[in-house]
Structures are given as C-alpha cells and as structure tokens.
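Below, each chain spelled out in residue letters.
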Amino acid sequence: MSTAIITPWAAVGDMSWRQHGACAVSTNPDLWFPEGNHKSERLAKVVCHNCPVKIPCLRWALNNKEKWGVWGGTTERERRRMQKSIRDQI
Ligand code: SF4
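Residues numbered from 1 in each chain as written. Predicted model: local features only at pLDDT ≥ 70, side-chain atom pairs only at ≥ 80, totals over all residues.

Engineer: How should the environment of T75 be read in this particular structure?
Structural biologist: Its location among the elements puts T75 in the loop between α2 (54–63) and α3 (76–89). It is 9.3 Å that separates the C-alpha atoms of T75 and F33, two residues lying 42 residues apart in sequence. Apart from the residues lying within four places of it in its own chain, the contact partners of T75 are E41 and V70. (Helix = DSSP H or I, 4+ residues; strand = E, 2+ residues; numbered from the N terminus. Contact = placed C-beta atoms within 7 Å.)

Structure follows, in structure tokens:
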C-alpha cells in the first residue's frame, strides 16, 4: 500500500523547499556533487534519506532533468533510469 505524501512545497516551480533541505546546513556541499567519488555519493544519499524535503527535491530534479549530483537521494544514473521507466509506461 502506498501513501501519498503532500507537502507545502509541492507547487511546480516553487523551490522554497530547498531551505529546509538537510544539505542546506551541510559544511560540505560538494558531497552532493561527487563526480565519481562513490564514498561522497553514499554519504550524500545517507543524508538525503532522512531529509524532510526529499520528495519535492526528487520531483524538481526529475522535472528539470537535472544531470549532475545527488538530488532527492538519487544519482543522475538512477534518475535517468526512473525517467526511462516513466517514459516506457506512457
Ligand atoms: S533530499 Fe538530499 S539533495 Fe535534496 S534537499 Fe534533501 S539533503 Fe538536499
């Protein structure tokens, strides 16, 4: 059973959710742009896992075809797969 998550940050184009992101207070923002560094990628994903704005962050990255970095707990490779899966279902 899935549960719909509705956040006040759900409006299209609204990026105010970013200020609530766990990464917003990080002292190492480069973690989210690991460029092949798998340790950084894993650490970023751990932080994203419990981030209160993970859903709007992932939605934004998918909607904007964000090519670089970890967004919403996903890498660019994972988002490409998600987008392909979405396209294949349409
Ligand atoms: S899900 Fe990750 S990248 Fe997105 S705002 Fe939260 S910590 Fe930052």
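Engineer: How do you make sense of unusual backbone geometry when you look at a structure like this?
Structural biologist: Only a minority of non-glycine residues have a phi that is not negative, and only a minority of peptide bonds are not trans. We note that E35 has phi near 45°; this positive angle belongs to a residue other than glycine. Relative to the helices and strands, E35 resides in the segment before α1 (38–49). On the basis of neighbour counts, which here come to 9 C-beta atoms within 10 Å, the residue E35 falls in the exposed class. Backbone geometry at K65 places phi at a positive 45°, although glycine is not the residue there. Structurally, K65 can be placed in the loop between α2 and α3. For K65, a count of 10 C-beta atoms within 10 Å gives the class exposed. (Buried ≥ 20, exposed ≤ 12 C-beta atoms within 10 Å, placed from the backbone.)

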